[in-house]
Amino acid sequence: MNKHEALKKYFGYTYFRSAQENIIDTLVKGRDVLGVMPTGAGKSICYQIPALLMEGATLVISPLISLMKDQVAGLRHRDIPAAFINSSLTVKQYKKVLRAIGIGAYKIIYMAPERLETADFCKFAVQTDISLIAVDEAHCVSQWGQDFRPSYLKIANFISDLKKRPVVGAFTATATADVKKDIINLLALQNPMSLTTGFDRPNLYFGVERPQNKRKRFYEIIEERGGEHGVVYCTTRAEVDKVYGELKRRGVSASCYHAGLCDITRRVNQDNFINGDITVMVATNAFGMGIDKADVRYVVHYNIPKNLESYYQEAGRAGRDGKASDCILLFSDEDIKIAEHLINYSRDNDELTAQQRDKVCRLDERRLDKMIRYCEIEGCLRSYMLNYFGEKHKGRCGNCGNCLKPTIWQSLKKGFDRNGQRANRFGQS
């Protein structure tokens, strides 16, 4: 079976998307890869196809339990033998999965990075034929990244302890130049092919609105889009519940998703949205990773996200079918206070040392300031965002709120210093 036959047989596609084939060929030939591909570009196929073509098993290191379960369920539905290892398994289930891996029952195994630190799994892995390790959400290894996880720092040591070094693929949707360097160095990638696909998605309209009555304007946006499928992101669980409750009261076909709901409720709500049984999903950022729904026509951020990386990834869940879709952010000063509070709250993260916590918080503050600048600039929103990720853009995209209505932002000049640049509230970056 070759790559095209595998693509058709297991995924039903007749051709690869941009960059997928190049990455697949590189991994199969035994060379490491760093793939930076925006949401909707098809990262998972880049390591799932090689897993099917190569001898032995593939380990996929992923930080999210819900994502692992979704991916494994999808693979099994396609008759691809897959499993996951994380804290949701009982001891009995965990041992059963290890035995099955030992006899070659699974081609793809998703696992949490914390498992790489356990002596029993490390001892088992040394005896297992592992041909490929795929590191999903690879930006988590970097303290420059928006979701730093210390457990990702253990991946390189785990790989070096194996009898035979497998090929390694690192994947992420968003990464600045500093984060890319960290991924290569901290994962000890060997002569990797580094490929960054274009971040620009011309079918997406980006808009920032600063309404006097946010709640009123929000419901207008939902009503204007009728029965179209959309995702609404809120910063807190309480805000999700409030917005969802009001949508239901108004007769909107809506559901909700956040970490405070039980697993069964989250699963049912998610399936109802994917299957089209409901049209609007109101959620925290816990929703969306690995969700395969192409016809999301709009994404509304009810609150400002903490950084552009998260915003671009979440907004990018709109229009994955290539059709025109809207990404609208409702901006208010109150949201800034909430974001600042969440950054300060992260100082209580027990996974990090005091020094790491201080560094991460300083970086989070800088990223929040960049996010606020995005909301306040008068120029092209798309250009600002692409330049942030290191991709040159001429400006005047013709498909963002500022390019279509440039004069409406004149009233937002407050908050800029005399040189025309926004004062950094957290000190110079």
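Small disclaimer: the values here were computed from a predicted structure and weren't measured. (Residues numbered from 1 in each chain as written. Predicted model: local features only at pLDDT ≥ 70, side-chain atom pairs only at ≥ 80, totals over all residues. Heavy atoms only, no water.)

1. Here we look at the pairing of strand β9 (residues 230–233)
To keep things clear, this is the line we draw: Only protein chains enter the area calculation, which uses a 1.4 Å probe; residues under 20% of their type maximum are buried, those over 50% are exposed, and those in between are partly exposed. Here a strand is any run of E in DSSP of at least two residues, a helix any run of H or I of at least four, and the numbering for each starts at the N terminus. The rule for pairing is simple: two strands pair if DSSP sees at least two bridges between them.
The side-chain alternation of β9 yields two buried faces, one formed by G230 and V232 and the other by V231 and Y233. Judged from the four bridges that link them, β9 and strand β11 (residues 280–283) form a sheet pairing that is parallel. In the sheet register, Y233 faces β11, and the bridge partner there is A283. Where β9 meets strand β12 (residues 298–301), four bridges bridge the pair, whose relative direction is parallel. Residue pairing across strands places Y233 opposite H301, the latter belonging to β12.

2. Brief notes about a positive patch on the surface
Spelled out, the test is: Each patch is assembled from residues with relative accessible area greater than 30% and no salt bridge, linking like charges that lie within 9 Å and nonpolar side chains (Val, Leu, Ile, Met, Phe, Trp, Tyr) that lie within 5 Å. Per-residue accessibility takes into account occlusion by the displayed protein chains alone, with areas from the Shrake-Rupley method and a 1.4 Å probe. Salt-bridge detection follows one rule: a side-chain nitrogen of Lys or Arg within 4 Å of a carboxyl oxygen of Asp or Glu. Two residue types count as positive, namely Lys and Arg, and two as negative, namely Asp and Glu; His and chain ends fall outside the count. Each charge is placed at NZ for Lys, CZ for Arg, CG for Asp and CD for Glu.
On the surface, a cluster of positive charge is made up of K92, K95, K96 and R99. The topology assignment puts K92 in helix α5 (residues 91–102). Taking relative accessible area as the criterion, K92 reaches 71% and is therefore assigned exposed.

3. Section: the sheet that holds β11
Which entries qualify depends on this criterion: To define axes, lines are fitted to C-alpha atoms, for helices over the stretch in contact only, and angles between the resulting N-to-C directions are given on a 0 to 180 degree scale. When checking whether two residues touch, look at their non-hydrogen atoms; a contact exists if any pair is within 4.5 Å.
One open sheet holds the six strands; their spatial order is β8-β13-β12-β9-β11-β10, and the pairing between them is parallel. Where the open sheet ends on each side, the last strands, each with one partner, are β8 (204–209) and β10 (254–257). Across the sheet, the axes of successive neighbouring strands diverge by a mean angle of 15°, strand direction being ignored. As paired strands, β8 and strand β13 (residues 325–330) are joined by six bridges and run parallel to one another. By the bridge assignment for β13, E209 is matched with L330. With respect to the sheet, helix α9 (residues 214–224) is in contact with β8, β9, β12 and β13, its orientation differing from that of β13 by roughly 170°.

4. A short note on the side chain of R317
Cut-off, in case you're wondering: Identification of polar contacts relies on pairs of N or O atoms within 3.5 Å, with a donor-acceptor requirement for protein atoms, meaning one able to donate a hydrogen and the other able to accept it, and with residues adjacent in sequence counted only if both atoms are side-chain atoms.
With respect to the element layout, R317 can be found in the loop between α12 (308–315) and β13. Among buried charged residues, R317 stands out as having no salt bridge; its nearest opposite-charge side chain is E314, 5.2 Å away. At 2.9 Å, the side chain of R317 forms a polar contact with the side chain of Y233.

5. Points about the packing of helix α13 (residues 333–345) against helix α14 (residues 354–376)
Rules: For classification purposes, an angle smaller than 35 degrees is called roughly parallel, one larger than 145 roughly antiparallel, one from 65 to 115 roughly perpendicular, and anything else oblique. Each crossing gets its handedness from the near helix: less than a right angle anticlockwise from the far helix is left-handed, clockwise is right-handed. Put simply, Ala, Val, Leu, Ile, Met, Phe, Trp, Tyr, Cys and Pro go in the nonpolar bin, Asp, Glu, Lys and Arg in the charged bin, and everything else, Gly too, in the polar bin.
With their axes 10 Å apart at the nearest point, α13 and α14 run at an angle of 165° to one another. Classed by the angle they form, the pair α13 and α14 counts as roughly antiparallel. Handedness of the crossing formed by α13 with α14: right-handed. The residues of α14 that touch α13, namely those facing I336, A339, E340 and I343, are C361, D364, E365, L368 and I372. Looking at the contact of α13 with α14 residue by residue, the class counts come to six nonpolar, no polar and three charged.

6. What about the nonpolar core?
Convention followed: Nonpolar core, defined: a set of buried Ala, Val, Leu, Ile, Met, Phe, Trp, Tyr and Cys residues in which side-chain atoms within 4.5 Å join the residues together.
Counting residues in each nonpolar core, the largest one holds 114 residues, and the members touching the most others are F121, F206 and Y374. The residues touching F121, leaving out its near neighbours within four places in the chain, are L59, I85, Y94, L98, M111, R115, L116 and F158. If you look at the next biggest cluster of nonpolar residues, it comprises 19 residues, including F218, V232, Y298 and V300.

7. Structural notes on α5
Formally: To estimate the expected span of a helix, subtract one from its residue number and multiply by 1.5 Å. The arc in question is formed by the directions pointing from the helix axis toward the C-beta atoms.
With 12 residues, α5 should reach 16 Å at 1.5 Å per residue; the first-to-last C-alpha distance of 17 Å fits that figure. Here α5 has its buried residues at Y94, V97, L98, A100 and I101. With its buried residues spanning 160° around the axis, α5 presents them on a single face. Turned more than 90 degrees from where α5 packs its buried face, V91, K92, K96, R99 and G102 sit exposed. Here the buried face of α5 lies against β3 (82–85), β4 (108–111) and α6 (119–126). Just beyond α5, the residue with positive phi is G104, at close to 80°.

8. Points about unusual backbone geometry
Positive phi values are uncommon outside glycine, yet D79 reaches one of about 65°. Here D79 lies in the loop between α4 (65–77) and β3. A relative accessible area of 64% means that D79 is categorised as exposed. Residue N191 is not a glycine yet carries a positive backbone phi of 40°. Given the relative accessible area of 59%, N191 is considered exposed.

9. Quick look at the pattern of salt bridges
Pairing is possible between side chains of opposite charge, provided their charged atoms come close. As enumerated under the stated definition, the model contains 24 salt bridges in all. Salt-bridge contacts for R382 lead to D200; the nearest nitrogen and oxygen are separated by 2.8 Å. One end of the pair, R382, is in helix α15 (residues 381–388); the other, D200, is in the loop between β7 (193–196) and β8, and 182 residues separate them in sequence. Its relative accessible area of 3% is what places R382 among the buried residues. Judged by relative accessible area, which is 28%, D200 ranks as partly exposed. Of the charged contacts, one joins R250 and E246 as a salt bridge, the two residues approaching to 2.9 Å between their closest N and O atoms. Given the relative accessible area of 41%, R250 is considered partly exposed.

10. Notes on the confidence of the model for the protein
We apply this condition: The score called pLDDT rates the predictor's confidence residue by residue, from a low of 0 to a high of 100.
Summary statistics for the protein give a mean pLDDT of 87 and a share of 92% for residues scoring 70 or more. α4 is the least confidently modelled element of the protein, averaging 84 in pLDDT, while β12 averages 98, the highest of any element. Confidence drops under pLDDT 50 across residues 408–429; counting only partners more than four residues distant or on other chains, this segment forms 37 contacts.

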